[in-house]
Amino acid sequence: MADEAKGGGLVIKPMDQFEVKPLFGGSEIGMFTITNVTLWMALAVLAVVLMLVVGTRGRAVIPSRAQSVAEMVYGFVYNMVVDVAGKDAVKYFPYIMTLFVFILFSNFLGLIPLSFTTTSHIAVTAVLALAVFITVTAIGFIKNGASFLSLFWVSSAPLPLRPILAIIEVISYFVRPVSHSIRLAGNMMAGHAVIKVFAGFAAVVAVAPLSIVAVTAIYGLEVLVSAIQAYVFTILTCVYLKDALHPHH
């Protein structure tokens, strides 16, 4: 976490934990190289399968703890979709549910010591955000045709302002995947970097107790942030889906 510099000072490298490394040695990373990112994404998928498939395989009337958690998550996301995007968005529930549980488990797995937080990388979150953007845009045109463009025309505004507002709406629409991805990656990266900075000070005897207290507090906050960021990413997806299904202002 922290190294002693040549001059005797403490050197903390909080960004080293985000370095992508080949899993089986070497230094070059190609398109098909298995890396630490690949490993922890696979573990996130495995965790999702264990909870939603293995944990609910009994479908007992009196559920086990694993089944109870799976049912709670299922109901939470289902209600989110219905409340935000409406009943006609339920057909897209499997996609939104997959997004939520994948991001949630990726965030939580990243809190394990010596693990890797895949959602701290913009390459991962950008793919998720672009997938949402392309899917939602396709749904909007397939369902509404050319009338989907009415999303950018604020008919309730005064007529002279409508062209200006239309330009702003178009820009904000295409900025969505950028803000969608940066918000998640930025929050996850910032929290883990702060934890490592405070953990690095544990090597200094004089401030070690304070460092441990700070790490504990921030770690607890990061658990909350991990859940909130999965929720935020998912609920924004529902908002975008609502715009695609009901584009008229």
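Keep in mind that what you see is a predicted model, and the values were worked out from it rather than measured.

Draft legend 1. A look at the overall build of the protein. The number of helices and strands found in the protein is six helices and two strands. Sequence-ordered secondary structure for the protein, helices as α and strands as β, is β-β-α-α-α-α-α-α. Its C-alpha atoms put the protein at 70 × 55 × 40 Å along the principal axes. Per-residue burial for the protein yields a buried fraction of 40% across its 249 residues. Sequence separation of 24 or more characterises 67% of the internal contacts of the protein that already satisfy a separation of 6 or more. Taken together, the 14 basic and 11 acidic charged side chains of the protein have centroids lying 8 Å from each other.

Draft legend 2. Geometry of the nonpolar core. Core analysis: the largest hydrophobic core is formed by 47 residues, its most contacted members being Val77, Val101 and Phe233. Those elements that place two or more of their residues in this core are α1 (36-54), α2 (65-85), α3 (93-109), α4 (122-144), α5 (162-200) and α6 (208-245). Here this core gets 11 residues from one element, more than from any other, and that element is α3. Discounting chain neighbours no more than four positions away, the residues touching valine 101 are Val48, Met51, Leu52 and Val73.

Draft legend 3. Focus on the pattern of salt bridges. For the structure shown, the criterion picks out one salt bridge. The salt bridge partner of arginine 176 is aspartate 243, with a shortest N-O separation of 2.6 Å. Here arginine 176 is found in helix α5, whereas its partner aspartate 243 is found in helix α6, with 67 residues between them in sequence. As far as the burial class goes, arginine 176 and aspartate 243 line up, both buried.

Draft legend 4. Broad picture of the packing of aromatic side chains. Tallying each qualifying case throughout the model produces 12 aromatic pairs. Between phenylalanine 76 and tyrosine 231 the ring centres are 5.8 Å apart and the planes differ by 45 degrees, which places this aromatic pair in the tilted class. Separated by 155 residues along the polypeptide, phenylalanine 76 in helix α2 and tyrosine 231 in helix α6 bring together distant segments of the chain. Looking at phenylalanine 76, the relative accessible area reads 40%, which means it is partly exposed. On the numbers, 6.4 Å between centres and 75 degrees between planes, the contact of phenylalanine 148 with phenylalanine 152 is edge-to-face. The same class applies to phenylalanine 148 and to phenylalanine 152, which are both buried.

Draft legend 5. Summary view of the packing of α3 against α4. Where α3 meets α4, the closest approach of the two axes is 12 Å, and the angle between their N-to-C directions is 170 degrees. Comparing the axis directions of α3 and α4 gives the class roughly antiparallel. Seen from α3, the contacting residues are Tyr95, Leu99, Phe102 and Ile103; seen from α4, they are Leu128, Ala131, Val132 and Thr135.

Draft legend 6. Quick peek at a nonpolar patch on the surface. Side chains of Leu23, Phe24, Ile34, Leu39, Leu43, Val45, Leu46, Val49, Leu50, Val53 and Val54 sit close together on the surface and give an oily, nonpolar patch of about 910 Å² of accessible area. Here phenylalanine 24 is to be found in the loop between β2 (10-12) and α1. By relative accessible area, phenylalanine 24 is classed as exposed at 67%.

Draft legend 7. Examining the environment of alanine 202 more closely. Relative to the assigned elements, alanine 202 resides in the loop between α5 and α6. Judged by its relative accessible area of 35%, alanine 202 is partly exposed. Placed 23 residues apart in sequence, alanine 202 and valine 225 show a C-alpha to C-alpha distance of 24 Å. Once residues lying within four places of it in the same chain are set aside, the contact partners of alanine 202 are Ala208 and Ser211.

Draft legend 8. Just the side chain of arginine 176, in detail. Classification of arginine 176 as buried rests on a relative accessible area of 15%. Those residues in contact with arginine 176 that lie beyond four places of it in its chain are Tyr240 and Asp243.

Draft legend 9. Structural view of unusual backbone geometry. Even without a glycine there, the phi angle at leucine 114 is positive, about 70 degrees. Mapped onto the fold, leucine 114 is located in the loop between α3 and α4. According to the relative accessible area criterion, leucine 114 is exposed, its value standing at 88%.

Each value, and the rule that gives it
- Residues numbered from 1 in each chain as written.
- Predicted model: local features only at pLDDT ≥ 70, side-chain atom pairs only at ≥ 80, totals over all residues.
- Heavy atoms only, no water.
- Helix = DSSP H or I, 4+ residues; strand = E, 2+ residues; numbered from the N terminus.
- Buried < 20%, exposed > 50% of the residue type's maximum accessible area, 1.4 Å probe, protein only.
- Contact = heavy atoms within 4.5 Å.
- Lys, Arg positive; Asp, Glu negative; His and termini not counted.
- Charge placed at Lys NZ, Arg CZ, Asp CG, Glu CD.
- Core = buried A, V, L, I, M, F, W, Y, C linked by side-chain atoms within 4.5 Å.
- Salt bridge = Lys/Arg side-chain N within 4 Å of Asp/Glu carboxyl O.
- Phe/Tyr/Trp six-rings, centres within 6.5 Å; stacked < 30°, edge-to-face > 60°.
- Axes fitted to C-alpha atoms, helices over the stretch in contact; angles between N-to-C directions.
- Parallel < 35°, antiparallel > 145°, perpendicular 65-115°, else oblique.
- Patch = residues over 30% accessible without salt bridge, like charges linked within 9 Å, V, L, I, M, F, W, Y side chains within 5 Å.
- Areas by Shrake-Rupley, 256 points an atom, 1.4 Å probe, with all protein chains shown as cover.

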